[in-house]
Structure formats: structure tokens, C-alpha cells
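# Analysis of the macromolecular model
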Amino acid sequence: MTVEVKSNFSANFGPFVHNYTADDNLINGLLQRAQQKTPGSGNKELAGVIADQRGYSSEDKQWFVEAFQPYVSDYARKNCDFRGGDWSKGWTDKFELMSLWINFMKANEHNPVHHHSGQITWVIYLETPDLEKERQAYEGRSIGPGGICFHYGEPQFPEWASHTYGYIPKKGDMWIFPALLRHEVIPFKSEGVRISVSGNFFFKNPNEKSGIIETAIDQDAKHPRA
């Protein structure tokens, strides 16, 4: 007897994590503005085991809000769809930018498992080193040298669900995801620098304009952490 399987739908739940390709104006603008900032000025505010992490200025953040808005708008709409929401019922793409910083990650540096403050975070890869030989030589079972890993939930045995997603970033990659989602960056040993920009924001009333607030990592913060 042949049974006709009537498939209906899958349940969408868990974090919405989405990949984009950053435009050249965004990449070049972040790189150029970072050159004027003090090396290592953001280290004490961040989780990274990285020698050179820098905060941006309030003027840089204002520029970034405008340049980043199209991506936030797209993510917000897709997140609404992913969660089965109705955009007209309180959803928004307006946001308040909190922190904005840049990492210059070199060989043997890394970012341990951590999460962010705020509601939504992201990472944009402005430059990535050539890790092909190192990755070919890697024999382990994880994502390996240079990977970013997202972790949600806890591991099981026997495994019945995926709780980790690993990805090898390339120049121009952008990930947007919930700020409380645990993630980490695996170190590499090769020469070169991986330059990435991250930060945090929270959504605001859809009738308001997107904007910024001061945080301690800002290069021109009026109230830096003591």
C-alpha cells in the first residue's frame, strides 16, 4: 500500500542569523575612518584576545547609521517573516546604535565564546588573510582556523539537532544576528590581518528616526569608563 505523505510546514524558532555582502562604500568608509583612531583604544571594553581593537567617534557612528540602515531594514523584515509576524503590529526597522568598533586580528589572536549587549549585533569583514594552506593542513573536526562559530542551545547525545554553525568568512561578508547569541572566533597561525567591524543596537519606535547613543568605547566618549 502506498501512503501519500501530506507535508504541511516546519516550525521556525530559534535565532534568526542572516548573511549579507557589504557594499564597497560601507567597507571603504569603515576602513578609512579607522585609520585615524588610536590602536588598542577599545581593548578594555571588549572580550577579544586581540592587541588592536578601536572604537569609532560619534561622527563616525552617525555616518554608519545612514550607511547601515538598508541592511537593518532588510534584516528586520526578514526576521518578521521568519517568526511569522505581522509587520503592521509593532515591528520596526528604526534603531539606536550603541557601540561600534573595529578589530585588527593577527596570528594566534582570538575571540572567546561571548555574547553582546543590546538587542542585535553584527560583524562585517573588511579584509581577510589567505588561510588556504593552513586550512588544508588542519585535520580536526571543528570549523578550523579562522572560522566564526555561532552556538545556540546545548549539545545532545545522541545528536538530534544542530547547536553550532561554523563559517569561514571572506572579505565583504556580513552577519547580522541577535546580540545574546553566543559566538566565537577561532585563531589562525598564518601571516596577515583580519579586519572586522562589529557593534550593537536596539530597535526603537517605528515612528522615530534611527540614531546613536554614547557608549564607553566611543573614541570621543564624554563619559569613558574609569
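Criteria and cut-off values
Residues numbered from 1 in each chain as written. Predicted model: local features only at pLDDT ≥ 70, side-chain atom pairs only at ≥ 80, totals over all residues. Heavy atoms only, no water. Buried < 20%, exposed > 50% of the residue type's maximum accessible area, 1.4 Å probe, protein only. Helix = DSSP H or I, 4+ residues; strand = E, 2+ residues; numbered from the N terminus. Contact = heavy atoms within 4.5 Å. Polar contact = N/O pair within 3.5 Å; in protein donor to acceptor, adjacent residues only side chain to side chain. Pairing = 2+ DSSP bridges. Axes fitted to C-alpha atoms, helices over the stretch in contact; angles between N-to-C directions. Parallel < 35°, antiparallel > 145°, perpendicular 65-115°, else oblique. Left-handed = near helix turned anticlockwise from the far one by under 90°. Nonpolar A, V, L, I, M, F, W, Y, C, P; charged D, E, K, R; others polar.

Turning our attention to helix H1 (residues 24-34). Here H1 has its buried residues at Leu-26, Ile-27, Gly-29, Leu-30, Leu-31, Arg-33 and Ala-34. Residues of H1 that are buried in the fold lie against strand E2 (52-55), helix H2 (58-82), strand E3 (95-105), strand E5 (120-127), strand E8 (173-178) and strand E10 (194-203). N-capping of H1 is provided by Asp-23, with a side-chain oxygen placed 3.1 Å from the backbone N of Asn-25.

Time to look at the sheet that holds strand E7 (residues 164-167). Strand order in the open sheet formed by four strands is E4-E9-E6-E7, with antiparallel pairing between adjacent strands. Edge positions in the sheet fall to strand E4 (111-114) and E7, since each has one partner strand and no second. Neighbour-to-neighbour, the strand axes of the sheet open up by a mean angle of 15 degrees, direction not taken into account. Where strand E6 (residues 148-151) and E7 come together, four bridges link them in antiparallel fashion. Bridging across to E7, His-151 finds its partner in Thr-164.

To continue, consider the packing of H1 against H2. One way to put it is that H1 packs onto H2 with a least axis distance of 11 Å and a crossing angle of 165 degrees. It follows that H1 is roughly antiparallel to H2 by the angle criterion. H2 is crossed by H1, and the crossing has left-handed handedness. Within the contact between the two elements, H1 uses Asn-25, Leu-26, Gly-29, Leu-30 and Arg-33 and H2 uses Glu-59, Asp-60, Trp-63, Phe-64, Ala-67 and Tyr-71. Of the residues belonging to the contact of H1 with H2, the class tally is six nonpolar, two polar and three charged.

On to the side chain of Thr-121. Here Thr-121 is to be found in strand E5. In this structure the side chain of Thr-121 is engaged in a polar contact, spanning 3.4 Å, whose partner is the side chain of Asn-200. The contact partners of Thr-121, leaving out residues within four places of it in the chain, are His-116, Trp-175, Ile-176, Phe-177, Pro-178, Ala-179, Ser-198, Gly-199 and Asn-200.

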